[in-house]
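# A look at the structure
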Amino acid sequence: MATTTSTTQTPPNNTNTNLCFSNYLHSLSQTPHRLRKRMLATWTPDQELNQVRQRSGADMKRKLKWYDLMALGVGGMLGVGVFVTTGSVAHKTAGPSVFISYIIAGISALLSSLCYTEFSVQIPVAGGAFSYLRVTFGEFVGYFAGANILMEYVLSNAAVARSFTEYLSSAFGQDDPKTWRVEVDGLIQGYNMLDFPAVALILLLTFCLCHSTKESSTLNLIMTVFHVVFFGFIIIAGFCIGSTNNLVKPKGLTPFGVRGVLDGAAIVYFSYIGYDSASTMAEEIQNPSQGLPVGIIGSVVITSLLYCLMALSLCFMVPYNKVSTQVCEFERFLARQFDKLCYETVNQLGGTYDTSLIFGILAQIAEKVSFSMAFKQIGWDWASNVVGAGASLGIVASLLVAMLGQARYLCVIGRARLVPSWLAKVHPATGTPLNATLFLGLCTASIALFTDLEIVIEMISIGTLLVFYLVANALIYRRYVIITNNPPFQTLLFLFLLSSSAIGFSMSWKLNQQRWGLPLFGMSTVTIIAFFKYMVPCVCNPTGWSMPFMPWPAALSIFLNVFLMTTLKKFSFERFAIWACFITLFYLLYGVHSTYKAEEREGTGIDEVNPRTAVQQIKLEIQGIPIKQRGIQIR
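What counts as what
- Residues numbered from 1 in each chain as written.
- Predicted model: local features only at pLDDT ≥ 70, side-chain atom pairs only at ≥ 80, totals over all residues.
- Heavy atoms only, no water.
- Helix = DSSP H or I, 4+ residues; strand = E, 2+ residues; numbered from the N terminus.
- Contact = heavy atoms within 4.5 Å.
- Areas by Shrake-Rupley, 256 points an atom, 1.4 Å probe, with all protein chains shown as cover.
- Patch = residues over 30% accessible without salt bridge, like charges linked within 9 Å, V, L, I, M, F, W, Y side chains within 5 Å.
- Salt bridge = Lys/Arg side-chain N within 4 Å of Asp/Glu carboxyl O.
- Buried < 20%, exposed > 50% of the residue type's maximum accessible area, 1.4 Å probe, protein only.
- Expected span 1.5 Å × (residues − 1).
- Polar contact = N/O pair within 3.5 Å; in protein donor to acceptor, adjacent residues only side chain to side chain.
- Axes fitted to C-alpha atoms, helices over the stretch in contact; angles between N-to-C directions.
- Parallel < 35°, antiparallel > 145°, perpendicular 65-115°, else oblique.

Counting secondary structure elements, the protein contains 25 helices and four strands. Within the protein, counting contacts between residues at least 6 apart in sequence, those at least 24 apart form 85% of the total. By element, 66% of the accessible surface of the protein is carried by carbon and sulfur atoms, the whole surface being about 27300 Å².

Dropping the structure here:
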């Protein structure tokens with residue numbers, strides 16, 4: 001009697017899934033080994049310019065000129081920051097000397113932009129701070145900075161897009177900023193106001209950026225010119241109808257003292273954030289060695305001048321103690337009425353109600369309309385609508401530039417295989433990072449549709465300041481160790497002592513220890529920098545633009561960024577710590593394994609951050625061999 005045996009076959013899909021899962025578990029077991037190989041792995045600038053760039057499949061097209069880059073830098077910075085901060089800082093913090101606060105903040109931004117400029121000339125790739133830190137301190141530091149920059153871009157772009165709706169409604173005479181938003185019952189508070197105009201703006205700019213970088217740059221140039229003209233209108237109007245008496249009455253130019261001026265500088269500094277977007281255009285500008293310094297530094301100088309004149313014109317028009325008087329009276333009236341209503345409603349529901357919440361929200365609305373209220377106080381009601389229209393135009397320009405920069409950051413991070421490689425692809429016809437632009441555009445639009453982002457603004461600020469701090473450290477390390485071939489211990493010790501002294505000074509300032517803390521740490525900072533300059537030699541890089549008077553500008557940038565970070569609230573550090581843990585976990589679970597396998601497949605020899613062994617090769621590639629001889633094509 002014959003017997004039949006039936007065999008069950010495992011479906012191919014299950015087999016593949018099990019195999020992939022098994023391979024991933026094996027990769028996780030190799031994490032310590034791969035971390036040792038990859039965390040400090042670095043590329044030379046020549047590899048970044050050729051080998052890594054080829055992973056995008058096609059090159060970005062070099063069609064931009066120096067004035068395009070300058071317009072991108074100015075457009076990226078001239079957003080709504082000056083409208084949001086100037087009135088409140090003048091009224092509460094610095095008085096008429098708010099323009100001095102803008103000068104100090106502008107100097108700090110200029111120092112950071114000088115660090116970016118030298119790196120962008122020496123390493124003209126689209127990765128910005130990510131690429132600069134990766135070739136200096138290794139893969140993980142570069143990834144950490146790149147992830148923070150991307151977070152800053154996506155969240156701030158979503159917030160800026162939502163503020164566009166507010167200013168646009170103001171331009172059409174609507175007093176309620178939520179007029180053009182749709183409230184949805186059932187969603188959590190803070191996520192229930194759908195902003196469709198913000199989504200439409202983001203999607204429109206996304207498709208524009210996918211089509212052509214040059215045409216997007218031309219659009220930005222036109223908007224920036226009109227925006228500068230609008231700034232000029234406010235400045236001229238303020239000087240013509242204002243009075244110098246408003247600068248010295250009622251309590252002088254600095255009613256809050258030197259502390260008020262410096263605290264004001266820490267607040268208004270965030271109006272300058274955006275110049276780093278210009279450095280991401282290094283692969284698309286003609287003649288990078290000349291265009292990048294002019295574009296980046298020129299945009300910061302122009303923006304600083306406009307901001308200072310804007311602040312001065314506001315204090316010319318209205319005394320500092322009356323900048324927000326009418327708004328504050330309106331705020332208090334609304335708060336009392338709305339507070340009573342909310343208190344009764346919440347008590348009926350059996351909950352608790354925080355009275356300070358509504359005052360905080362109304363104060364934020366009041367601060368945003370300082371220039372509009374100033375014009376209304378002098379009888380120019382029509383000019384307040386012009387302010388709303390001009391602010392809306394500035395929002396569109398700054399959003400366009402920021403979205404341009406964020407796509408290039410993600411593209412270069414994709415080249416490094418720290419995120420999926422399809423994000424690194426450049427479209428051969430348009431010469432734009434199409435996948436990265438679409439992906440981030442959709443992410444930004446999704447966040448802007450639902451989320452009120454007031455709670456994450458300070459987390460954005462600390463992430464940006466940290467990246468600026470790291471870039472300044474990297475420039476000193478690169479100039480003194482990698483290029484000049486000094487022992488690394490001297491420079492690392494200097495950077496540690498400098499940062500420690502800056503923290504000591506900043507905490508003394510915060511804790512009001514002026515008697516001994518400020519002189520002690522201030523003098524120690526100057527002594528540390530001067531001693532390092534005298535004792536450790538430095539060689540200027542002859543292949544392009546270099547930061548003058550090193551290490552003073554970069555060291556002062558480190559000092560100022562530390563000082564600005566300590567002005568932020570404790571809660572912002574806690575939120576940033578959560579984000580830092582998240583991106584570190586992503587690197588451990590995905591990034592380090594992806595880059596390890598990619599380098600293993602390509603068989604590329606990657607150096608680790610060991611200046612003793614890598615210095616000669618890097619010096620040859622950067623200093624001794626002209627760009628054309630290294631096979632780098634300048635289009």
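Resuming the write-up.
Another aspect to go through is a nonpolar patch on the surface. A contiguous nonpolar surface patch, about 410 Å² in accessible area, is contributed by Tyr 24, Leu 585, Phe 586, Leu 589 and Tyr 590. Considering each element in turn, the nonpolar patch owes the most residues, four residues, to helix 24 (residues 570–602). Exposure remark for Tyr 24: the relative accessible area of 34% places this residue in the partly exposed category.

Okay, the pattern of salt bridges next. Think of it this way: side chains of opposite charge can pair up when their charged atoms draw near. One pass over the full model with this rule turns up six salt bridges. Lys 214 serves as the salt-bridge partner of Asp 68, at 2.9 Å between the closest nitrogen and oxygen. Pair noted here: Asp 68 is in helix 4 (residues 66–77) and Lys 214 is in helix 10 (residues 213–241), with a separation of 146 residues, a long-range link. Residue classification places Asp 68 among the buried positions, given a relative accessible area of 1%. A residue is classified by how much of its surface remains accessible, and Lys 214, at 24% relative accessible area, is partly exposed. As a salt-bridge pair, Arg 408 and Glu 284 come within 2.6 Å of each other at their nearest N and O atoms. Taken as a pair, Arg 408 in helix 18 (residues 381–415) and Glu 284 in the loop between helix 13 (276–279) and helix 14 (288–317) lie far apart in primary sequence, 124 residues in all.

Let us now look at helix 10. With 29 residues, helix 10 extends 42 Å between its outermost C-alpha atoms, agreeing within 8% with the 42 Å of an ideal straight helix rising 1.5 Å per residue. Sitting at the head of helix 10, Ser 212 places a side-chain oxygen 3.3 Å from the backbone nitrogen of Lys 214.

Relative to the assigned elements, Thr 31 resides in helix 2 (residues 31–38). We classify Thr 31 as buried; its relative accessible area is 13%. Among the polar contacts listed, one links the side chain of Thr 31 to the side chain of His 593, at a separation of 3.3 Å. Ignoring sequence-local partners within four residues, the contact set of Thr 31 consists of Leu 588 and His 593.

Take the environment of Leu 568 next. Mapped onto the elements, Leu 568 comes out in the loop between helix 23 (552–566) and helix 24. Spatially, the C-alpha atom of Leu 568 lies 9.0 Å from that of Ala 266, the residues being 302 residues apart in sequence.

A word on unusual backbone geometry. The omega angle of the peptide bond from Met 550 to Pro 551 is 5°, so this bond is cis rather than trans. Here Pro 551 lies in the loop between helix 22 (517–535) and helix 23. Within the chain, Arg 417 stands out as a residue other than glycine whose phi angle is a positive 70°. A relative accessible area of 14% means that Arg 417 is categorised as buried. Of note in this structure, Asn 485 is not a glycine but carries a positive phi near 70°. Within the element layout of this structure, Asn 485 appears in the loop between helix 20 (457–483) and helix 21 (488–510).

The subject of this paragraph is the packing of helix 6 (residues 98–122) against helix 14. Helix 14 packs onto helix 6 with a crossing angle of 170° between their chain directions and a minimal axis gap of 9 Å. One finds that helix 6 runs roughly antiparallel with respect to helix 14.

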